[in-house]
Amino acid sequence: RRVCTAAHLTTDVSCVEDGQNNNTSPTRSAANMSGAAGYQPPGSGGNNNNNAPPPQPQSQMAMAMQQQDDMINELSVGMGRLKDQSQMINDETNLHNRLLNDMETNLDAAHASLDAETRRAAQLREDQSVWRLQLTVAGLFVLFILLILMGLS
């Protein structure tokens, strides 16, 4: 319930809400007004004011603001945790990138060594090929036969 008093209807208004003094304009209070105490605007119908919505009490507004502040604080805490987790994921990703780069370097070195060993094995196989051994054996066999023929003669 809101009861307003005014000294001059256009400038000085003072309202009382739920037993508390709440000045709606920065002008004179009801104590300073002469002959206007208890004034209610026309059309208010006495104590029933069904045309205007009931004003929201300060305590409800304060509770709503406190709830909003609490929710913002919770969001802030959640954002802090999300930031920490993102940084940990970034650190983990950087570590894995370094490990993969090291592995790539090691694989490149192993591949180069394997290529070198393959070339060396091919060269060795070429140097010790079977046809050279067969030719050597055939030459020694011919020499052996000649020595036997010479020794018999």
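Analysis parameters
Residues numbered from 1 in each chain as written. Predicted model: local features only at pLDDT ≥ 70, side-chain atom pairs only at ≥ 80, totals over all residues. Heavy atoms only, no water. Helix = DSSP H or I, 4+ residues; strand = E, 2+ residues; numbered from the N terminus. Buried < 20%, exposed > 50% of the residue type's maximum accessible area, 1.4 Å probe, protein only. Contact = heavy atoms within 4.5 Å. Areas by Shrake-Rupley, 256 points an atom, 1.4 Å probe, with all protein chains shown as cover. Expected span 1.5 Å × (residues − 1). pLDDT = per-residue confidence, 0-100.

### Description of the overall build of the chain
Line of reasoning, step 1. Assigned secondary structure in the chain consists of two helices and three strands.
Line of reasoning, step 2. Each helix and strand of the chain, ordered N terminal to C terminal, gives the series β-β-β-α-α.
Line of reasoning, step 3. Per-residue burial for the chain yields a buried fraction of 8% across its 153 residues.
Line of reasoning, step 4. Contacts in the chain between residues far apart in sequence, at least 24 positions, make up 30% of those at least 6 positions apart.
Line of reasoning, step 5. Accessible surface, the chain as shown: approximately 13100 Å² in total, 60% of it carbon and sulfur.

### Looking at helix H2 (residues 130-152)
Line of reasoning, step 1. The end-to-end C-alpha distance of H2 is 33 Å, a good match for the 33 Å that 23 residues give at a rise of 1.5 Å each.
Line of reasoning, step 2. With respect to burial, H2 is a largely exposed element, only zero of its 23 residues being buried.

### Looking at the confidence of the model for the chain
Line of reasoning, step 1. Mean pLDDT over the chain: 75, with 61% of residues reaching 70 or higher.
Line of reasoning, step 2. Within the chain, the lowest mean pLDDT, 46, falls on strand E3 (residues 20-22), and the highest, 93, falls on helix H1 (residues 58-127).
Line of reasoning, step 3. This stretch, residues 5-13, has a pLDDT under 50; its non-local contacts, to residues over four places away or in other chains, come to 30 contacts.
Line of reasoning, step 4. The low-confidence segment residues 18-39, where pLDDT is below 50, has 40 contacts with residues more than four positions distant or belonging to other chains.

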